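Below, each chain spelled out in residue letters.
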Amino acid sequence: DAGVTQSPTHLIKTRGQQVTLRCSPKSGHDTVSWYQQALGQGPQFIFQYYEEEERQRGNFPDRFSGHQFPNYSSELNVNALLLGDSALYLCASSEGGGGYNEQFFGPGTRLTVL
Amino acid sequence: DQQVKQNSPSLSVQEGRISILNCDYTNSMFDYFLWYKKYPAEGPTFLISISSIKDKNEDGRFTVFLNKSAKHLSLHIVPSQPGDSAVYFCAASARLNNDMRFGAGTRLTVKP
């Protein structure tokens, strides 16, 4: 049983570019949450998708957008990249959404913006 | 805003001794708390959780204590093993929200 998978593993972009990160949830999970982890900090909640809709959003600008597909996989898109967007982006899946349900994390995508 | 704080960036203990990791929170709406462990190049892994209706939850060598009046929780690992060396994140969530708030993490090193 595959756990949460994310692609790509690493990514290098330049300022102003756009990036798309991908996540496949653990089998049986229908909810995907995205987090940004800057160096030396804990993960910060970006948003959560359930039933193909954004259910809740953290304190991130509209440059951060997402999508969930019928097979529950998800994408995170970031437009007009800034140097400060350099971070580890983590995807977590759970069953039924909500902060009460154990979230399983993927290994993350390391984004570097030059 | 840092609603969940882990004030100790690092902790070093001897194998076999107790490791105590601390976490403080400011939002009184939080009613579910979790600890995650993270190894390099891997995503955080769920370790143990506690609901606000309890003050203690135990799972093998791991025990989490919750002091609601002080808005403080701690993770005890007894006995500590070298394989426990990792970064530990405290996280909290509220019934009305779907997000989790994480602390900055504490890097635990268990020396043989």
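Residue positions are given per chain, counted from 1 along the sequence in the order it is written. As they are written, the chains are lettered A onward and the ligands numbered 1 onward, keeping that order. Given that the model is predicted, a residue must reach a pLDDT of at least 70 before its local features are reported, and side-chain atom pairs must reach 80 or more before they are shown or counted; all residues, however, enter totals for whole chains, interfaces and linings. In computing side-chain values, all of the structure's heavy atoms are included and hydrogens and water are not.

Before we move on, can you summarise the interface of chain B and chain A with the specific residues and values?
Listed as interface residues are 21 residues of chain B and, on the opposing side, 20 residues of chain A. Buried area: the accessible area, evaluated with a 1.4 Å probe, that two parts lose upon being put together, summed over both parts. For the pairing of chain B and chain A, the buried interface totals around 1700 Å² over both sides, and the portion due to carbon and sulfur atoms is 56%. Salt bridges are identified by distance alone: a Lys or Arg side-chain nitrogen within 4 Å of an Asp or Glu carboxyl oxygen. Counting the contacts that link chain B with chain A gives zero salt bridges. Under the rule applied, a polar contact is a pair of N or O atoms within 3.5 Å (in protein, one hydrogen donor and one hydrogen acceptor; residues adjacent in sequence only if both atoms are side-chain atoms). The interface formed by chain B and chain A holds one residue pair in polar contact (both at pLDDT 80 or more) in total. The set of elements that each furnish at least two residues to the side of chain B that touches chain A consists of β4 (32–38) and β9 (86–93) of chain B. Sort the elements by how many residues they give to the side of chain B that touches chain A and β4(B) lands first, with three residues. Grouping the constituent residues of the side of chain B that touches chain A by class yields eleven nonpolar, five polar and five charged. A contact between two residues is defined here by any heavy atoms of the two lying within 4.5 Å. A run of H or I in DSSP counts as a helix once it spans at least four residues, and a run of E counts as a strand once it spans at least two, with each numbered from the N terminus. Gly counts as polar in this scheme, as do all residues outside two lists: the nonpolar Ala, Val, Leu, Ile, Met, Phe, Trp, Tyr, Cys and Pro, and the charged Asp, Glu, Lys and Arg.

An account of the pattern of salt bridges is requested, with residue identities and associated values reported.
Residues and elements named next belong to chain B. Under the criterion given, the structure shown has five salt bridges over all chains. Its salt-bridge partner being D84, residue R61 comes within 2.8 Å of it at the nearest N-O pair. In this pair, R61 is assigned in the loop between β6 (56–59) and β7 (62–67) and D84 in the loop between β8 (72–77) and β9, connecting sequence segments 23 residues apart. Overall, D84 belongs to the buried group, its relative accessible area being 3%. Remark: exposure states derive from per-residue accessible area (1.4 Å probe, protein chains only) relative to the maximum for the residue type, with buried under 20%, exposed over 50%, and partly exposed in between.

So far we have only geometry, and geometry alone does not tell us how the molecule works.
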